Each structure stands twice: as structure tokens, then as C-alpha cells.
Amino acid sequence: MALTRTRIKVCGITRPEDAVAAADAGVDAIGLVFHRDSPRAVSPAQAALIARAVGPLVTVVALFVDAAEAAVQEVLAAAPVGLLQFHGAESAAACGRYHRPYLKALRMAPGLAVEAVAEGYDRASGILLDSFRPGVPGGTGEAFDWDRVPVALRSRLVLAGGLTPANVGDAIARVGPAAVDVSGGVEAAPGLKDATRIAAFVAAVRAADSKRQSGSKP
Ligand SMILES: O=C(O)c1ccccc1NCC(=O)[C@H](O)[C@H](O)COP(=O)(O)O
């Protein structure tokens, strides 16, 4: 049985007020980036403040890019993380080391055998597909060719990369992911989310869900 409500994650939150705006708009998860080179990087102490602001029932996702185990453990000790997200070249064994639910991000490099690679992460709660730009691990603001998404992956797919309030409805209609993930598309500037854009993104997702449901009725 397929989901009728596309889950929403807003990634790259750096301020408690943005986390509150996302929660108030009705998102399911917020992402915190623990990658030093990102304009959206937060410290474990900031993460604790943001997690407190967002309350108990919005999932806090901690995102790492090939991080040392100690760095991940430091974050887990500091903040109530509900889900890990591995956005680098981490193996399935490395992702499973923390005995926590996790998302594995795959960047859609040319020629990537998406389905085969995703199968190697069968313990992942979801597979996040993001755009590929050499040398940039994520948050590119660019969409990839959605026709490359394997149908078999949809039920555990988190679709990311260049989503905006303007294109997310089309993405849902064409791909039918379990969840969507947005960062740059709801920002006023890198790392600074915009409450109006977040609300517009959520509204566009809900409109697409309604359209899908009415379209699927006999
Ligand atoms: O957002 C970042 O700066 C970032 C840095 C390093 C690794 C991953 C990063 N973001 C990952 C995300 O989950 C983003 O939401 C995803 O890449 C989509 O970003 P965007 O295209 O800006 O919506």
C-alpha cells in the first residue's frame, strides 16, 4: 500500500527560529548539517538548541559527510537525533555502526547504477537521491534528471536536489517519492531559511498529494 501523504524534510537548518517555522508549517523532519565546509554547518551545541526549539514530534536528522566516528558520537551525545543521514561515500557497515535508523544519500553521478547501489543499503530507512556536482557533497540547488529514478525505489525514496515551491509538485507527480527534501529552495540566503518559502513548499506538496489522490480515484 502506497503512502498518500508525501513526507517533507527541510535540510540545512541553522537557527532555532527556522526550525520553529518548519515545524509550524507542518514538516516531518529537519536536517542539521555537520560538515565543516558547508555554509549550513552547525555545532553540536547549536544542534541541541535547534532540537529543543522544534519540540518532540518532528524528527531531527543529523547529516554527515564521511565523518569520523567520534564526531558522530559527539553529536549523538549532545542532541536528540532521530535519524542519521550519511551523505558521503560511507559503506553500509559504517552507516550501521551506530545502531540508529539512517538515510543513505546517493549523488546521481553519470552512469551510477542507482538500484544496485541502493540494494547494498538494505538496512537504510530510506535512500536519498541528490544531484551530483563534482567536489560539492550536497546542497547544490540543482535538480537531476528525475527519469533516472528507478520505480522500485519509490517506496523508500527521499527525493532531493534543486526542489522549490515551483517544481516540487511536478517532481511528486513524475517520481512519486515517499518523501522530499529541500534546502536552497526555501532559503533567503545560504543557511537562512525563509518562513514564507517553507510554507509555500509545504502547500505545494499538499496540493500535489491531493491531485494524486483525486487522480487515482476510479
Ligand atoms: O546543504 C549543504 O550544505 C550540504 C553540505 C554537504 C552535504 C550535504 C548538504 N546538504 C544535503 C541535503 O540534504 C540537501 O537538502 C540536499 O543536498 C538538497 O539541497 P538543495 O539542492 O539545496 O535543495
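Conventions we followed
- Residues numbered from 1 in each chain as written.
- Predicted model: local features only at pLDDT ≥ 70, side-chain atom pairs only at ≥ 80, totals over all residues.
- UniProt positions renumbered as here; feature names shortened; annotations may be inferred.
- Near = placed C-beta within 6 Å.
- Helix = DSSP H or I, 4+ residues; strand = E, 2+ residues; numbered from the N terminus.
- Nonpolar A, V, L, I, M, F, W, Y, C, P; charged D, E, K, R; others polar.
- Axes fitted to C-alpha atoms, helices over the stretch in contact; angles between N-to-C directions.
- Parallel < 35°, antiparallel > 145°, perpendicular 65-115°, else oblique.
- Left-handed = near helix turned anticlockwise from the far one by under 90°.
- Contact = placed C-beta atoms within 7 Å.

Under an unreviewed UniProt entry, the name given to the chain is N-(5'-phosphoribosyl)anthranilate isomerase, and the source organism is Pseudohaliea rubra DSM 19751. We quote the UniProt Pathway (unreviewed entry) comment for the chain here in full: "Amino-acid biosynthesis; L-tryptophan biosynthesis; L-tryptophan from chorismate: step 3/5." Heading Catalytic activity (unreviewed entry) of the UniProt record for the chain holds this comment: "N-(5-phospho-beta-D-ribosyl)anthranilate = 1-(2-carboxyphenylamino)-1-deoxy-D-ribulose 5-phosphate".

**Let's talk about the site of the ligand**
Within the structure, the ligand sits among 25 residues, and C11, G138, G139, S183 and G184 are positioned closest to it. At the level of elements, β2 (29-33) and β8 (179-182) are the ones that each hand at least two residues to the shell around the ligand. Here the residues of the shell around the ligand sort into eight nonpolar, 14 polar and three charged.

**Re the packing of helix α1 (residues 16-25) against helix α2 (residues 44-54)**
Contact geometry for α1 and α2: axes closest at 8 Å, N-to-C directions at 30 degrees. Compared by their axis directions, α1 and α2 come out roughly parallel. Note that α1 runs across α2; the crossing there is right-handed. Between α1, through P16, A19, V20 and A23, and α2, the contact on the second element is made entirely by L49, I50, A53 and V54. For the contact of α1 with α2, the class distribution of residues is eight nonpolar, no polar and no charged.

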